[in-house]
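Chain by chain, the residues:
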Amino acid sequence: MRPLIFFLTSSIGKKYLVALTGLLLILFVVGHLLGNLQFFLPPEWINAYGHKLQSLGPLLWLIRLALLAVVSIHIVATIALALENKRARTGRYAVPGYRASTVASRSMAVSGLILLSFIIFHLLHFTVRVVPGHEYNKAVLTKDGKELPHEVEIDKHWGIPLAKDKPHVVHNVHGMMAAGFTYPAIAGFYVFGVFLLGMHLSHGAGSFLQTLGLRNDRMRSLLAVGSRVFGWAIFIGYASIPFSVIVFKHGLPK
Amino acid sequence: MNLKLKVWRQENSSATGRFEQYDAPGIPDDASFLEMLDIVNEKILEKGGDPIAFDHDCREGICGMCSLVINGTPHGPGRATTTCQVYMRHFRDGDTITIEPFRAKPFPILRDLVVDRSAFDRIQQSGGFINVRSGSAPEANAIPIPKNKADLAMDAAACIGCGACVAACPNASAMLFVGAKVSHFALLPQGQPERRKRVLSMVAKMDEEGFGNCTNHYECEAVCPAEIKVDVISRLNREYLAASTLSLIEPLPNAAAEGVA
């Protein structure tokens, strides 16, 4: 146990924790984006996908708790490291000089903390579904392109068919996303949030290999370019959803 | 050339420092930066003032004694150069040059531009050496070393321990220095007997001295006069992980007494 405690409380050990949890969060962000991009397919796809995830039962809670643990470790270890860094650096230079660092690398702590507030809002909005004035109705569950037998009621405002009988009732994920982004403030905050995510990853996606001890000089340009491309691709992917709602009215009643 | 200097003056480590302006007229183009300071100091002395204190020793770029942050950059303009190898032709007539000491908690300012870098010595003493039989020189080539390993070890051994990496790092991290020292020995056969203990001790000492943590800005590499690559930090990380993991299975003798894992 002693070596483990030594490792986890050391500078390098904490860096390993941040890098490993960061890698897991990158995998989550990619998976979540692929799921979300089903917004551009017929509404049944993403509704069925959402229903499937919500039907995982105990497994869903296991995944949620694991994600919470991963995020918590990522944040707690980073705050511990950042406080040590603040103590070590006594004052700034009169002439600021940066030669190799980037805006993204210098703002990791700030972008991360703003992202945290965004994630909390995002969960209240789309997972806990408590942001008032939004579309949290139910939709029809289909199987093999055919509607399952159920009693249908057409929603007055959105014109989306809603299932009334319990077994086939699913959350109308597609309608909820489209409706949520019709509010400029919410769409704006979302785009800002995923912009910070893209910036955070443009540094983080290349940085974790160095921290894990898996980088050498030959990977320099590949990692520098690769992590920027990756980070901004994530931004474009996520931002395309509110963009399509606001500009092309995608998913809104005609 | 005629220059204006903005120099950090501080009586001692507990005094409050401030910038003071100096005129530096008639500086030759081919004076080195330290020679320029010598000229300014002579003028200050003639007027009965207190000369600007700065560190220097060999003045040929190999000892690691000179420091200074010139216009925000440790060791000033130019890649892979120490302050003593910066020449005044890098500046233009009429320039105002801001000169500050290295700023980091583990490098307390002793006076003006002089900082105490003995934290580096203490890290070295904790493990940056090998124990060998003293006596007559051993037979050359008795221990074969692959060329690629020798090259990497030599690259790491080029570190002169000047501390510019700490000065440039927004987190005042010493990981480029410690990475270089750990890599230098870990790559060579002579470094193997103490390989595990070395990395554990040096990292423990580095943390204890209050250096910050690398967040991969790579500012250190950009100012390093010996062109040490951040690869050594990546190697330091994996050496530390491997040593710590081994300690779980196969504890080092006297680990607790020596304050390592």
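Residues numbered from 1 in each chain as written. Chains lettered and ligands numbered in written order. Predicted model: local features only at pLDDT ≥ 70, side-chain atom pairs only at ≥ 80, totals over all residues.

S.K.: Teacher, can you tell me more about the overall build of chain B here?
M.R.: Helix and strand content of chain B: eight helices and seven strands. With the C-alpha coordinates aligned to their principal axes, the bounding extent of chain B is approximately 65 × 40 × 35 Å. (Helix = DSSP H or I, 4+ residues; strand = E, 2+ residues; numbered from the N terminus.)

S.K.: Help me out: how do you make sense of the overall build of chain A in this one?
M.R.: Helix and strand counts for chain A stand at nine helices and six strands. Taken over 254 residues, chain A has a buried fraction of 29%. At a minimum sequence separation of 6, the contacts of chain A that also span at least 24 residues come to 73%. (Buried ≥ 20, exposed ≤ 12 C-beta atoms within 10 Å, placed from the backbone. Contact = placed C-beta atoms within 7 Å.)

S.K.: Teacher, can you tell me more about the interface of chain B and chain A here?
M.R.: By convention, interface size is frequently given as the accessible area that disappears when the constituent parts associate. Residue-level contacts link 42 residues of chain B with 38 residues of chain A. When residues of the side of chain B that touches chain A are traced back to their parent elements, those giving at least two are β5 (96-100), α6 (195-208), α7 (219-223) and α8 (231-249) of chain B. In terms of residues, the side of chain B that touches chain A owes the most to one element, α8 of chain B, which gives 11 residues. Classifying every residue of the side of chain B that touches chain A gives 17 nonpolar, 15 polar and 10 charged. (Nonpolar A, V, L, I, M, F, W, Y, C, P; charged D, E, K, R; others polar.)

S.K.: Is there a simple way to think about the domain arrangement of chain B in this case?
M.R.: Residues and elements named next belong to chain B. Its domain assignment divides chain B into domain 1 (3-111) and domain 2 (117-249). Of note, the centres of domain 1 and domain 2, computed from C-alpha atoms alone, are 29 Å apart. Opposite the 18 residues of domain 1 that make contact, domain 2 presents 17 residues. Looking at the side of domain 1 that touches domain 2, its residues break down into nine nonpolar, seven polar and two charged. (Domains from an automatic or database assignment.)

S.K.: Explain the environment of F91 of chain B to me, please; I cannot follow it from the model alone.
M.R.: Residues and elements named next belong to chain B. Mapped onto the elements of the fold, F91 is located in the loop between β4 (73-74) and β5. Sequence separation of F91 and L3 is 88 residues, and the distance between their C-alpha atoms is 8.9 Å. Not counting residues within four places of it along the chain, the set of residues in contact with F91 comprises L3 and I97.

S.K.: How should the pairing of strand β1 (residues 3-9) of chain B be read in this particular structure?
M.R.: Residues in a regular strand project their side chains so that they alternate between the two faces of the sheet. Residues and elements named next belong to chain B. Bridge analysis of β1 against strand β2 (residues 18-24) gives seven bridges, and the strand direction is antiparallel. Paired with K4 across the strands is D23, a residue of β2. Two strands pair when backbone bridges link them, and β1 and β5 are joined in this way by four bridges, in the parallel orientation. Bridge pairing in β5 places K6 opposite T98. (Pairing = 2+ DSSP bridges.)

S.K.: Would you mind showing me how to read unusual backbone geometry here?
M.R.: The phi torsion of most residues other than glycine is negative, and most of the peptide bonds are trans. Residues and elements named next belong to chain B. The phi dihedral of A80 is positive, around 55°, even though this residue is not glycine. Residue placement: A80 occurs in the loop between β4 and β5. With 14 C-beta atoms packed within 10 Å, A80 lands in the partly exposed category. Unlike most non-glycine residues, N254 shows phi in positive territory, near 60°. Considering the arrangement of structural elements, one finds N254 in the segment after α8. Residue class for N254 comes out exposed when judged on the 10 C-beta atoms lying within 10 Å of it.

S.K.: What is the right way to look at the environment of A15 of chain B in this model?
M.R.: The residue A15 of chain B is located in the loop between β1 and β2 in this model. Through-space distance from the C-alpha of A15 of chain B to that of I130 of chain B is 40 Å; in sequence the pair is 115 residues apart.

S.K.: What exactly am I supposed to notice about the sheet that holds β4 of chain B here?
M.R.: In sheet architecture, strand pairing relies on hydrogen bonds along the backbone and comes in two forms, parallel and antiparallel. All names here are of chain B. Strand order in this open sheet of five strands is β2-β1-β5-β3-β4, and the pairing throughout is mixed. Each having just a single partner strand, β2 and β4 make up the two edges of the open sheet. Inspection of the sheet shows strand β3 (residues 69-70) paired to β5 by two bridges, in the antiparallel sense. When the sheet's bridge partners are listed, I70 is paired in β5 with I99.

S.K.: How should I be thinking about the packing of helix α8 (residues 184-211) of chain A against helix α9 (residues 220-248) of chain A in this particular structure?
M.R.: Two numbers describe a pair of packed helices, the interaxial angle and the distance between the axes. Residue and element names in this part refer to chain A. Axis separation between α8 and α9 bottoms out at 7 Å; the angle between their running directions is 165°. One finds that α8 runs roughly antiparallel with respect to α9. Considering the relative orientation of α8 and α9, their crossing is right-handed. Its residues assigned to classes, the contact of α8 with α9 comprises 20 nonpolar, seven polar and one charged. (Axes fitted to C-alpha atoms, helices over the stretch in contact; angles between N-to-C directions. Parallel < 35°, antiparallel > 145°, perpendicular 65-115°, else oblique. Left-handed = near helix turned anticlockwise from the far one by under 90°.)

S.K.: Even after reading the chapter, I still don't get the nonpolar core, so can you show me in this structure?
M.R.: Burial of nonpolar side chains together is a common tendency in soluble globular proteins. Residue and element names in this part refer to chain B. One finds C165, V166, L176, V178 and V203 to be the most contacted residues of the largest nonpolar core, which totals 82 residues. Broken down by element, the residue count for this core peaks at eight residues, all from helix α5 (residues 175-186). No fewer than three residues from each of domain 1 (3-111) and domain 2 (117-249) sit in this core. Once residues within four sequence positions are removed from consideration, L176 is found in contact with C165, C220, E221, C224, I228, V230, V232 and I233. (Core = buried A, V, L, I, M, F, W, Y, C linked by C-beta atoms within 7 Å.)

S.K.: What should I look at first to understand the confidence of the model for chain B in this one?
M.R.: Parts of the prediction with low pLDDT should not have their coordinates interpreted in detail. Of all residues in chain B, 100% have pLDDT values of 70 or greater, and the mean over the chain is 95. In the model output, the complex is listed with pTM 0.92 alongside ipTM 0.94. (pLDDT = per-residue confidence, 0-100.)

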